[in-house]
Amino acid sequence: MILNAYAILDTFVSLLRLPLGLLVLGLGGAAWRHSRRGASPEDRKALEERNHLLALLLLGLNLGSWALLYLLLQSYVPEWPGATCIYGVLLLGAGSVGSSRFLRLAHGGRRGAFEDCSRPWLSAAVSASNLALVAALLLPARRGRLALLVAGACLTSVVSSVFRVEVASPTLIHQPDHHCPYDLVAAAPEALLAVALAIAGIFSVGWAWVARWLANCRETAPFLEGTVGRLLFTSRCGSFGSVVLTSAELALA
């Protein structure tokens with residue numbers, strides 16, 4: 001690993017995210033226990049406000065870590081002969097038996113899992129999975145059904161991630177053998193909107209399930225159905241919008 005300013009900053013942010021995440025979970029559990037034990041409204045409000053602030057900070061660090069990872073990989077490009085982009089950096093560990101093999105395995109595994117003949121099936125699978133998720137989100141949001149929706153959303157995210165690496169990236173940047181989603185940032189920045197919509201759709205399902213599971217109490221019951229409904233609406237719009245936008249981008253590429 002090349003130690004530069006981006007590597008040091010990325011390591012620092014990663015080390016900071018772990019204790020902060022544990023602290024958010026701990027405060028969330030404490031607030032939940034206080035609500036169950038009938039604590040005073042002032043105590044519950046103080047815990048909730050503190051947890052909200054830390055949760056927003058953690059969210060900002062998580063989003064910033066993606067940008068730092070991109071900048072870190074981009075900074076490695078001029079350091080390696082023959083690497084003209086991030087995809088070239090990710091190929092450095094191919095065939096290596098040393099520690100550099102983990103760079104390759106951590107960002108896409110070994111190539112050759114999908115041939116050209118399988119890509120139409122992958123495109124059909126990602127469209128079908130997203131549309132099936134949208135259709136399932138139209139059903140009543142009971143707690144057991146929400147758990148199944150979360151499982152379906154996780155499966156859809158896996159299929160969509162493989163699709164973006166194997167099909168969308170090489171098509172949108174007009175390089176058939178270039179399977180690097182990081183290069184979409186410079187070559188096809190409009191594709192990032194489809195990714196953002198997909199992420200919003202997946203995470204909204206998860207938040208709806210968490211709200212249904214943890215906020216089903218007397219104080220929050222009047223607001224629970226509306227909150228879950230808005231989150232599921234966001235998920236429907238995000239998932240459907242991602243499919244439409246990705247299909248349009250590929251058709252115009």
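Structure's up top.
Residues numbered from 1 in each chain as written. Predicted model: local features only at pLDDT ≥ 70, side-chain atom pairs only at ≥ 80, totals over all residues. Heavy atoms only, no water.

## Some words on the overall build of the protein chain
When helices and strands are counted, the protein chain shows 9 helices and 0 strands. Going residue by residue from the N terminus, the α and β elements of the protein chain occur as α-α-α-α-α-α-α-α-α. Classification of the 253 residues of the protein chain by burial places 35% in the buried group. A separation threshold of at least 6 residues defines the contact pool for the protein chain, and within that pool the share at least 24 residues apart is 69%. For the protein chain, the exposed area adds up to about 14,800 Å²; of that, 70% sits on carbon and sulfur atoms. (Helix = DSSP H or I, 4+ residues; strand = E, 2+ residues; numbered from the N terminus. Buried < 20%, exposed > 50% of the residue type's maximum accessible area, 1.4 Å probe, protein only. Contact = heavy atoms within 4.5 Å. Areas by Shrake-Rupley, 256 points an atom, 1.4 Å probe, with all protein chains shown as cover.)

## Structural notes on helix α5 (residues 119-136)
Over its 18 residues, α5 extends 26 Å from the first C-alpha to the last, a length consistent with the 26 Å expected when each residue adds 1.5 Å. Buried residues of α5: R119, L122, V126, S129, N130, L133 and V134, and no others. Taken end-on, α5 shows its buried residues confined to a sector of 135 degrees, consistent with a single buried face. What points out from α5, more than 90 degrees from its buried face, is the exposed set P120 and W121. (Expected span 1.5 Å × (residues − 1). Arc of directions from axis to C-beta.)

## Some remarks on helix α8 (residues 191-214)
Side chains of residues three or four places apart in an α-helix project in the same direction, reflecting 3.6 residues per turn. Between its terminal C-alpha atoms α8 stretches 35 Å, which fits the 34 Å expected from 24 residues at 1.5 Å a residue. Buried within α8 we find A191, A194, A198, G201, I202, S204, V205, A208, A211 and R212.

## A short note on the packing of α5 against helix α9 (residues 221-252)
Remark: α5 packs on α9, axes separated minimally by 9 Å, with the N-to-C direction vectors making an angle of 155 degrees. Judged by the angle between their axes, α5 and α9 are roughly antiparallel. Where α5 crosses over α9, the two elements pack in a sense that is left-handed. Where α5 approaches α9, its residues N130, L131, L133 and V134 are matched on the opposing element by R236, S239, F240 and V243. Tallied by class, the residues present in the contact of α5 with α9 amount to 5 nonpolar, 2 polar and 1 charged. (Axes fitted to C-alpha atoms, helices over the stretch in contact; angles between N-to-C directions. Parallel < 35°, antiparallel > 145°, perpendicular 65-115°, else oblique. Left-handed = near helix turned anticlockwise from the far one by under 90°. Nonpolar A, V, L, I, M, F, W, Y, C, P; charged D, E, K, R; others polar.)

## Observations regarding the packing of aromatic side chains
Within the structure shown, the criterion is met by 1 aromatic pair. Consider the rings of W209 and W213, whose centres lie 5.6 Å apart with planes at 15 degrees: the pair is stacked. Linking W209 with W213, this pair stays in helix α8, spanning 4 residues, or about one helical turn. Judged by relative accessible area, which is 47%, W213 ranks as partly exposed. (Phe/Tyr/Trp six-rings, centres within 6.5 Å; stacked < 30°, edge-to-face > 60°.)

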